[in-house]
Each structure stands twice: as structure tokens, then as C-alpha cells.
Amino acid sequence: MTAPAAINNRYGALLLIAAAGVFTADVTVLRFLSPDVPFAQIIFFRSICQLLIVALWIGMTRPALFGSPRWPRLVLRGLTSLICWWLYYASFQSLDLALASTLTFTTSLFVVAMAPFVLGERIGLMRGLTTVLGFVGVLIASEVSGLTVKPGILFGLGSAFAAAILIFQNRVLARTEHTATIMFWIGLVASAGTMPAAVAGWTDLGLSDSLLLLMAGTLATLGMLLTVEAYRFGEVSALATFPYARILFALAIGRFVFAETASLRELTGAAVIMICGLLASEYRWRRIPGPPTGGTSL
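Conventions used here
- Residues numbered from 1 in each chain as written.
- Predicted model: local features only at pLDDT ≥ 70, side-chain atom pairs only at ≥ 80, totals over all residues.
- Heavy atoms only, no water.
- Helix = DSSP H or I, 4+ residues; strand = E, 2+ residues; numbered from the N terminus.
- Buried < 20%, exposed > 50% of the residue type's maximum accessible area, 1.4 Å probe, protein only.
- Core = buried A, V, L, I, M, F, W, Y, C linked by side-chain atoms within 4.5 Å.
- Contact = heavy atoms within 4.5 Å.
- Axes fitted to C-alpha atoms, helices over the stretch in contact; angles between N-to-C directions.
- Parallel < 35°, antiparallel > 145°, perpendicular 65-115°, else oblique.
- Left-handed = near helix turned anticlockwise from the far one by under 90°.
- pLDDT = per-residue confidence, 0-100.

S.K.: Would you mind going over unusual backbone geometry with me for this structure?
M.R.: Glycine aside, residues mostly have negative phi angles, and peptide bonds mostly take the trans form. A positive phi angle is found at Ala 259, which is not glycine, with a value near 55°. Take Ala 259: it is sitting in the loop between helix H11 (245–256) and helix H12 (264–287). Exposure remark for Ala 259: the relative accessible area of 62% places this residue in the exposed category.

Have a look at this one:
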């Protein structure tokens, strides 16, 4: 068990802003891939990069962290992450960067909505209304008309829902497992889970696509590590707003790199989701201990 780090909210905030930039760079890099690269291959590279990076980290520091007597729980955590990643990257492939990034912040809303069923807690009228309003923001931002919903919206919400389940799993695992152990098993399970589909539809990659996949996988792993470190040094309540820098990064990249322009409805919906997400995050850090991610917990 490591000793608690001294509180340094400024340093934690800088790490979270860096993580927001890194996560945005991750999904941005993948947009430059050739269209014929199979989706399973993308997830496999993401998984194997995390596995190798974390394995190297553990091997150089504390090899005992490779194993755990509670491995079934770690396998289940890895399977949930695999589902979350699959939906997460699918949403970014089919939606504008800003909208896909905004949807990741509905995780806190799902946590509050699930708390009565998972934890048997009463969330109160105001908290319930805040959660409902947050999902209204999703409807506004996604510009839903009638009963037609873009598949990308469903992918994004599905990823956020899976991330909410991850938070409850983290609550249990964080009591006994080191962060490095959890991340190693996530990479191991996700790599094994995607390998059959990746091998079955394997496409020979050119040098540029290979480098892009390696870069994206490394960036995603780095973003996770920066997030964990941020909450090691900073107080959750003090850092609550900083993950939303990711939406600003996504708006800028979408506008200047991909010529995407967010509509008034998207911006309005994003504002509603951000406000409600912050209120839901307050509930989350008070009732559900553990380092939150301020978005999709990958």
C-alpha cells in the first residue's frame, strides 16, 4: 500500500488538463487511419499497447503486482472495459468530436440513476430531477428528431453506461488491488478478447497505419495514467471541472482540423450535460469513493 501523496490541486488540475488533451489526441489520430482497417484490429492494438506498457512498468518496479487471488473480479472488470472501449471508439468514428466527447460525460448521470438499484441508496428528488435534465441535454445535443436516433449516439451512451458499471467495479477492486494490477488485467483480458476477431479479419497494415495505431494506443494508456495520478494529488471536488476541458479541445480540433462546426443545439445540450454532470459528480465523489475520471472511465 503506497502512502497518500500530499494534496496539490494545482498539479492535479494540470495533469487532468493534460489527460483531456491526450484523450482528444487519441481519437483524433484514429481518424487518419485508412478506412479499410478493421475495427477489431483497432481495439486489439489499443489493448495490446496498454498491456505492454503496464507490464513493463510493473516488471521494472513491483513484479508481485502481476498476480492477484481475486483474478475473477479483474477478468470481469476487463470484460466490461472491452465493451466500453468498443462502444467508445465506435461513437468517435461516427460522430463529430465535440458531440462524442460530450456524451462521455453522461457517465456521472448513469451512476446516479443506477445507485438506487446497485447500492440501495435514495438519491432524493432534486438529484433525480438533475439526472433527468442531464439526459434531456443529451436529446438536445444529439438533435434527435422524432424516433430516429443516430447509431453513434447509442454507441456513446452505451459506452457511458458501461463506464458507470466500471465505477462500481472500481469501488470494490480499489479496496484490495493496486492501480497497476487493475490496468494490467484490463489490457490482458481485452487483448485476449479481441484477438480472435482481429486475427479473423486481419488486414496487412502499411507503415503509416501501424504507427497511427501504436500512437493511439500509447496515448490512450497515457491518458489513463495521467488521470489516476491527477486524483492521487488533487481533491476530487477541487478538480471536478477540469475534465471538461476535453470538450473545448474537441471543439477546437473538430473546427480547425476536420472543419466540423458545432450547432447551437449541440452547444446548448453540452452546457446542460456539463452542469448536470458536475452536480451528479458531487454525488458520485461523496457516495462512491475512488478516483473518478470525469468522463468515460476506460
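S.K.: Explain the nonpolar core here, please?
M.R.: Generally speaking, a soluble globular protein has its nonpolar side chains buried in company with each other. In terms of nonpolar packing, the biggest core is built from 68 residues, with Leu 30, Ile 42, Tyr 89, Leu 103 and Leu 213 touching the most fellow members. In this structure Leu 103 touches Leu 95, Val 138, Gly 152, Ile 153, Gly 156, Leu 157 and Ala 160, once residues within four positions along its chain are discounted.

S.K.: How should the packing of helix H5 (residues 107–118) against helix H6 (residues 125–141) be read in this particular structure?
M.R.: The geometry of a pair of packed helices is captured by two quantities: the angle between their axes and the separation between those axes. The contact between H5 and H6 brings their axes to 10 Å, and the two run at 140°. With respect to their mutual orientation, H5 and H6 come out oblique. Judged by the sense of rotation from one axis to the other, the crossing of H5 with H6 is left-handed. Residue-level contacts link Leu 109, Phe 110, Val 112 and Ala 113 of H5 to Arg 127, Thr 131, Gly 134 and Phe 135 of H6.

S.K.: Got a minute to help me understand the confidence of the model for the protein in this structure?
M.R.: In low-pLDDT regions, the fine details of the predicted coordinates are not to be read closely. Overall, the predicted model of the protein reaches an average pLDDT of 85, with 89% of residues at or above 70. Here residues 289–296 scores under 50 on pLDDT; set against residues more than four positions off or in separate chains, the count is 23 contacts.

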